[in-house]
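Residue-level structure breakdown
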Amino acid sequence: MKNIRVRFAPSPTGALHVGGARTALFNFLFAKKYGGRFILRVEDTDLDRNQEHFLTEQLTALKWLGLDWDEGMDKAGEYGPYRQSQRLDVYNQYAQKLLDSGKAYYCFLTDDELAHMKETSQKEGKPFRVKSPYRNWSQEEAKKKQNVKPVIRFKMPETAKNYVVDDVVRGRVEFPSDMIGDFVLIRSNGLPVYNFCCAVDDALMKISHIFRAEEHLPNTLRQLIIFEALGWASPVYGHLSLILSTDKKKLSKREGALSCLEYKEQGHLPSALNNFLALLGWNPKDNQEVFSFSELISKFSEKNLNPAGAVFDENKLKWINAQHIRSMDYKEFWKMLQPLLDRDKINLPFLNNESLKEKSFHSLKSSFSTLKEAVEVFRFLSYDYFKIDDSVKEIFEWSHTKNLIQLWKEELEKVKTEYISLEDFKNIQNSIKTKLNIKGALLFKPLRAVMIGQVEGLELKAIIELIPRETLIQRSNQLLSQMC
Ligand code: GLU
């Protein structure tokens, strides 16, 4: 495929949610797969609902996901500006063309008159279609009428016809043109409506393919009509599957789906969120479920997009995230985790030792699924964090606990190195076992309590080499003082 140009066209009326991110992702993957260009166009003509901070938030989220654009807002390109509020003259110019060719007209119908028309159609049991008495007025006649600000309406041809879309995702979709009446292009306040700007921009920005949410399917008819009236070929459309909640209802922002940056906040990796979103409506046709970003690009095919509703299952996202974490390079992991550790003022003594840095990641990576969970795991290993959990009371009742901790401390004092090696640890355990004649939980629960303040949890072997000997001794003293 040649000259592929796709766009993501967000409106800054909210944060970037998973649905929007998935649309952006599919457009991005399609562009990258075929060596095309991914364009970011901001659709901000709804002045009442737009907020600049939503735009900033959406751009931050797209960049975090790695869905950076080749042309668009804040990047130069041949077809800019890429922000609709900066293109009002362009829409006016094309509205004027339609007026001049008799395909549009100024309409002075008031809201009350329209409401009345609607009511009458309802009473007659007919579908509502605007019947404007101004349909055949000339521009000159209209200009004489100064008292009411007109809208510019598209004049639907008298004879109906079928518009056909060969949708990449859904196959053939037909729209009879009499589904709609004369529709507004420019509002009375001078601002263009979404369908008009969208069609004009898609044509002028030479967009070849449009992948977008299913909810835009009904808009396609108006957009096709505008393309035709202005003599433009229409792009290829693909309307993506709905995203459903686990109870098979349409996923709504209110029903728990978070914005992308909230998923980031929860400790998800961008590569995992992309992987998860790609599987909502795209089927790789084999059993692979975990994809790196570059695999998504190479394996993506628009032919495998399917129209059936896709269920958004957060447990699956978490599982995918865990897989992505496990296959990370340790350096990359620590680079990502460091800001979260800094935020919580967690100081990990072993991080200045490269081999412990590597070892710690590999020995603990299966204990967390998200970066946030990783913070909670590594918190146990920080210098100054030793919180004795309530569960520890259980071992306080045991008659051998105090002796065990004393012995543990004595053994630690004998070691000369900064950290306890696995070998030393094994020897210490054996010595305690023999001296106290205990094994199993009777040994491990007190040892875990003295190391991390809880009786269940992390593997002792995975953490022993990561807590400095001095810290272990301090912790032993703290636990002993609690027992008295
Ligand atoms: N601005 C529209 C939205 O945010 C996108 C429309 C389109 O992709 O055609 O839903």
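Structure: above.
Residues numbered from 1 in each chain as written. Predicted model: local features only at pLDDT ≥ 70, side-chain atom pairs only at ≥ 80, totals over all residues. Heavy atoms only, no water.

1. A few points about the overall build of the protein chain
Applied cut-off: Only DSSP runs of H or I with at least four residues qualify as helices, and only runs of E with at least two residues qualify as strands; both kinds are numbered from the N terminus onward. Exposure categories follow from relative accessible area, calculated using a 1.4 Å probe and restricted to protein chains: below 20% of the type maximum is buried, above 50% is exposed, and the middle band is partly exposed. Any two residues whose heavy atoms approach within 4.5 Å are treated as being in contact.
Along the backbone of the protein chain there are 20 helices and twelve strands. Going through the 484 residues of the protein chain one by one, you find that 51% of them count as buried. Restricting the contact set of the protein chain to residue pairs at least 6 apart, pairs at least 24 apart contribute 76%.

2. Brief notes about a negative patch on the surface
We apply this condition: Think of a patch as exposed residues, more than 30% relative accessible area, with no salt bridge, where like charges cluster within 9 Å and nonpolar side chains (Val, Leu, Ile, Met, Phe, Trp, Tyr) cluster within 5 Å. Note on areas: Shrake-Rupley with a 1.4 Å probe; residue coverage comes only from the protein chains shown. The term salt bridge refers to a side-chain nitrogen of Lys or Arg lying within 4 Å of a carboxyl oxygen of Asp or Glu. Positive residues here are Lys and Arg, negative ones are Asp and Glu, while His and the chain termini are left out of the count. In plain terms, the charge of a residue is placed at NZ if it is Lys, CZ if Arg, CG if Asp and CD if Glu.
Together, Asp 329, Glu 332, Glu 354 and Glu 358 make up a region of like negative charge exposed at the surface. Assessed through its relative accessible area of 35%, Glu 358 is described here as partly exposed.

3. Notes on the site of the ligand
Cut-off, in case you're wondering: Working definition: residue near molecule or strand if any one of its non-hydrogen atoms lies within 4 Å of it. In the analysis that follows, any N or O atom pair within 3.5 Å is treated as a polar contact, provided that within protein one partner can donate a hydrogen and the other can accept it, and provided that, for residues neighboring in sequence, both atoms belong to side chains. Residues are grouped as follows: Ala, Val, Leu, Ile, Met, Phe, Trp, Tyr, Cys and Pro are nonpolar; Asp, Glu, Lys and Arg are charged; every other residue, Gly included, is polar.
The local shell around the ligand consists of Arg 7, Ala 9, Ser 11, Glu 43, Tyr 194, Cys 198, Arg 212 and His 216. Within the contact set of the ligand, a nitrogen atom lies 3.0 Å away from a side-chain nitrogen or oxygen of Ser 11. Here Arg 212 contributes a side-chain N or O atom positioned 2.8 Å from an oxygen atom of the ligand. Residues that form the shell around the ligand fall into these classes: three nonpolar, two polar and three charged.

4. Comments concerning the sheet that holds strand β5 (residues 151-154)
Sheets are built from strands that pair by backbone hydrogen bonding, the pairs being arranged parallel or antiparallel. Stated precisely, the cut-off is as follows: For two strands to be treated as a pair, DSSP must find no fewer than two bridges joining them. Axes here mean lines fitted to C-alpha atoms, for a helix over just the part in contact, with angles spanning 0 to 180 degrees between N-to-C directions.
Spatially, β4-β5-β8 is the arrangement adopted by the three strands of the open sheet, whose pairing is antiparallel. Bordering the open sheet on either side are β4 (104-107) and β8 (184-186), each of which pairs with just one other strand. Here the strands of the sheet are splayed against their neighbours by 40° on average, with no regard to which way each runs. In the sheet, β5 pairs with β8 via two bridges, with the strands oriented antiparallel.

5. Some points on the packing of helix α17 (residues 422-436) against helix α18 (residues 441-452)
Rules: Convention used here: angles under 35 degrees read as roughly parallel, angles over 145 as roughly antiparallel, angles from 65 to 115 as roughly perpendicular, and any remaining angle as oblique. Handedness of each helix crossing follows the sense of rotation of the near helix against the far helix: counterclockwise by less than a right angle gives left-handed, clockwise gives right-handed.
Interhelical geometry of α17 versus α18 gives an angle of 130° and a closest axis separation of 11 Å. Relative to α18, the element α17 lies oblique. As for how α17 packs across α18, the hand of that crossing is right-handed. Contact residues: α17 offers Phe 425, Gln 429, Ile 432 and Lys 433, while α18 offers Leu 443, Phe 444, Leu 447 and Met 451. Taken together, the residues of the contact of α17 with α18 break down into six nonpolar, one polar and one charged.

6. Some thoughts on the nonpolar core
Burial of nonpolar side chains together is a common tendency in soluble globular proteins. The following threshold applies: Put simply, buried Ala, Val, Leu, Ile, Met, Phe, Trp, Tyr and Cys residues joined by side-chain atoms within 4.5 Å make one nonpolar core.
Within the largest apolar cluster, 107 residues are counted, with the highest numbers of intra-cluster contacts made by Trp 334, Phe 378 and Trp 408. Not counting the four nearest positions on each side in its chain, Phe 378 is found in contact with Phe 333, Trp 334, Leu 337, Ile 346, Leu 348, Phe 350, Ser 360, Leu 364 and Phe 368. Tyr 105, Leu 114, Leu 224 and Ile 226 belong to the second-largest nonpolar core, a separate cluster that totals 50 residues.

7. Examining the side chain of Asn 195
Its place among the elements puts Asn 195 in helix α6 (residues 194-204). Side-chain polar atoms of Asn 195 contact the side chain of Gln 223, separated by 2.9 Å. When neighbours within four sequence positions are excluded, Asn 195 is seen to be in contact with Asn 219, Arg 222, Gln 223 and Ile 226.

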